Amino acid sequence: NLIKKQPFKAIDFSLLLANSFVFYISGMLILNNYHTEWKGIYTILMAIINLTCAFLIFKLNSDNKKLLYLLFGLTLTFVTLAIPVQLNGNYITLFWALEAVLLLFLAQKSSIVLFRFASFIITTLMMFSLFMDWLQVYSGGNYFYETYKPESLKIILNKAFITGFISSFSLIASVLIIKNETEKLYYLGIVFNPKGYKTYLKISAVCLLYLTGFLEVIYHTSNYFYSGYTIS
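Fair warning: this is a prediction, and the values are worked out from it, not measured in the lab.

1. Re the side chain of Thr-93
No. 1: Checked against the element boundaries, Thr-93 lands in helix α4 (residues 91–110).
No. 2: By relative accessible area, Thr-93 is classed as buried at 0%.
No. 3: Within the local environment of Thr-93, its side chain forms a polar contact with the side chain of Ser-129, the two groups lying 2.6 Å apart.
No. 4: A polar side-chain atom of Thr-93 sits 2.4 Å from a polar atom in the side chain of Asp-133.
No. 5: Each residue touching Thr-93, except ones within four places of it in the same chain, is listed here: Met-126, Ser-129, Leu-130, Asp-133, Thr-163 and Ser-167.

What follows is the structure, encoded as structure tokens:
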């Protein structure tokens, strides 16, 4: 498309997003079994790759703003992911949370209706993934071959709380992006109602924020009282 100076279509953007997601998750799974300490560096490298591509495309074709928005958005996503990932963050849930916001932003800038529906689907998947993360972490289960024991979870600075906090604020960010939208949009006969979606996001954000704090408090207080009972 760049060589022939053809415009990028929705399928092209979707393939770029899917390629980044599959490549990133595949790399993280490999590092998880060999060098877990490199996860943060790998995430930063992904950001550098996307930023480099954006710079080269800007030099080749500065008019392709939609593609630049996508690449800059991916760069920002990976930079934001680097710190929680280095702290053993739940990278799949975090990636989906940030990607959902990115898709809504791109939908506004590019007027591609498909991105709005994709953002809704990814947001829903993110919440299901978050519930699974909470279940695995707070119950001390095995997640990607890692075992989380009660004494290994720090207060607040643990993957369950950080993931829940970031996921909650990704919903708030999505509300802010579409706060002024009122017009219904259609794609393949399916309706996207901004008012209804904003209500869905607000309720979900409040619920996730509440559960994030509630589960953290319950987990640590129950461990404290249980430990005290055992010692006595």
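And the narrative resumes.
2. With respect to the nonpolar core
No. 1: The biggest cluster of nonpolar side chains holds 59 residues, and the ones touching the most others in it are Tyr-24, Phe-78 and Leu-81.
No. 2: A total of 14 residues in this core trace back to one element, the largest contributor, which is α4.
No. 3: Contacts of Tyr-24, omitting those with residues within four sequence positions, involve Tyr-42, Thr-43, Met-46, Phe-78, Leu-81, Val-85, Tyr-91 and Phe-95.

3. Here's the deal with the layout of surface pockets
No. 1: Of the volumes computed, that of the largest pocket is approximately 350 Å³.
No. 2: As for the largest pocket, its lining consists of 15 residues, and the residues nearest its centre are Leu-76, Thr-80, Leu-98, Val-101 and Leu-102.
No. 3: Within the residue set of the lining of the largest pocket, elements represented by two or more residues are α3 (65–86), α4 and α6 (159–177).
No. 4: Of the residues contributing to the lining of the largest pocket, the split by class is eleven nonpolar, four polar and no charged.

4. Focus: the environment of Tyr-200
No. 1: As for its placement among the helices and strands, Tyr-200 is situated in helix α7 (residues 194–231).
No. 2: Given the relative accessible area of 27%, Tyr-200 is considered partly exposed.
No. 3: With 29 residues separating them along the chain, Tyr-200 and Leu-171 place their C-alpha atoms 9.4 Å apart.
No. 4: When residues no more than four places from it in sequence are discounted, the contact partners of Tyr-200 are Phe-120, Thr-124 and Met-127.
No. 5: Of note is the side chain of Tyr-200, whose polar atom sits 3.1 Å from the side chain of Thr-124.

5. Considering the pattern of salt bridges
No. 1: Applying the stated criterion across every chain, the model contains one salt bridge.
No. 2: Where Glu-181 meets Arg-116, a salt bridge forms, and the shortest distance between an N and an O atom there is 2.7 Å. Residue Glu-181 is found in the loop between α6 and β3 (185–187), and its partner Arg-116 is found in helix α5 (residues 113–138); the two are separated by 65 residues along the sequence.
No. 3: Assessed through its relative accessible area of 13%, Glu-181 is described here as buried.

6. Some details on the packing of aromatic side chains
No. 1: With the rule as written, the count across this model stands at 18 aromatic pairs.
No. 2: With a centroid separation of 5.8 Å and an interplanar angle of 70 degrees, the aromatic rings of Phe-117 and Phe-192 are classed as edge-to-face. Note that Phe-117 is positioned in helix α5 and Phe-192 in strand β4 (residues 190–192), a separation of 75 residues in sequence. The same class applies to Phe-117 and to Phe-192, which are both buried.
No. 3: Taken together, a centroid distance of 5.9 Å and an interplanar angle of 25 degrees make the contact between Tyr-197 and Tyr-200 stacked. Of this pair, Tyr-197 and Tyr-200 both sit in helix α7, three residues apart, roughly one helical turn.
No. 4: For Tyr-197, a relative accessible area of 5% corresponds to the buried category.
No. 5: Taken together, the ring pairs in this structure connect Phe-21, Phe-23, Tyr-24, Tyr-42, Phe-78, Phe-95 and Trp-96 into an aromatic cluster.

About the thresholds
Residues numbered from 1 in each chain as written. Predicted model: local features only at pLDDT ≥ 70, side-chain atom pairs only at ≥ 80, totals over all residues. Heavy atoms only, no water. Helix = DSSP H or I, 4+ residues; strand = E, 2+ residues; numbered from the N terminus. Buried < 20%, exposed > 50% of the residue type's maximum accessible area, 1.4 Å probe, protein only. Polar contact = N/O pair within 3.5 Å; in protein donor to acceptor, adjacent residues only side chain to side chain. Contact = heavy atoms within 4.5 Å. Core = buried A, V, L, I, M, F, W, Y, C linked by side-chain atoms within 4.5 Å. 1 Å grid on protein atoms, 1.4 Å probe; cavity = no way out; pocket = protein on both sides within 12 Å on 5 of 7 lines; lining within 4 Å. Points joined across faces, edges and corners; volume = space filled by probe spheres on them. Nonpolar A, V, L, I, M, F, W, Y, C, P; charged D, E, K, R; others polar. Salt bridge = Lys/Arg side-chain N within 4 Å of Asp/Glu carboxyl O. Phe/Tyr/Trp six-rings, centres within 6.5 Å; stacked < 30°, edge-to-face > 60°.

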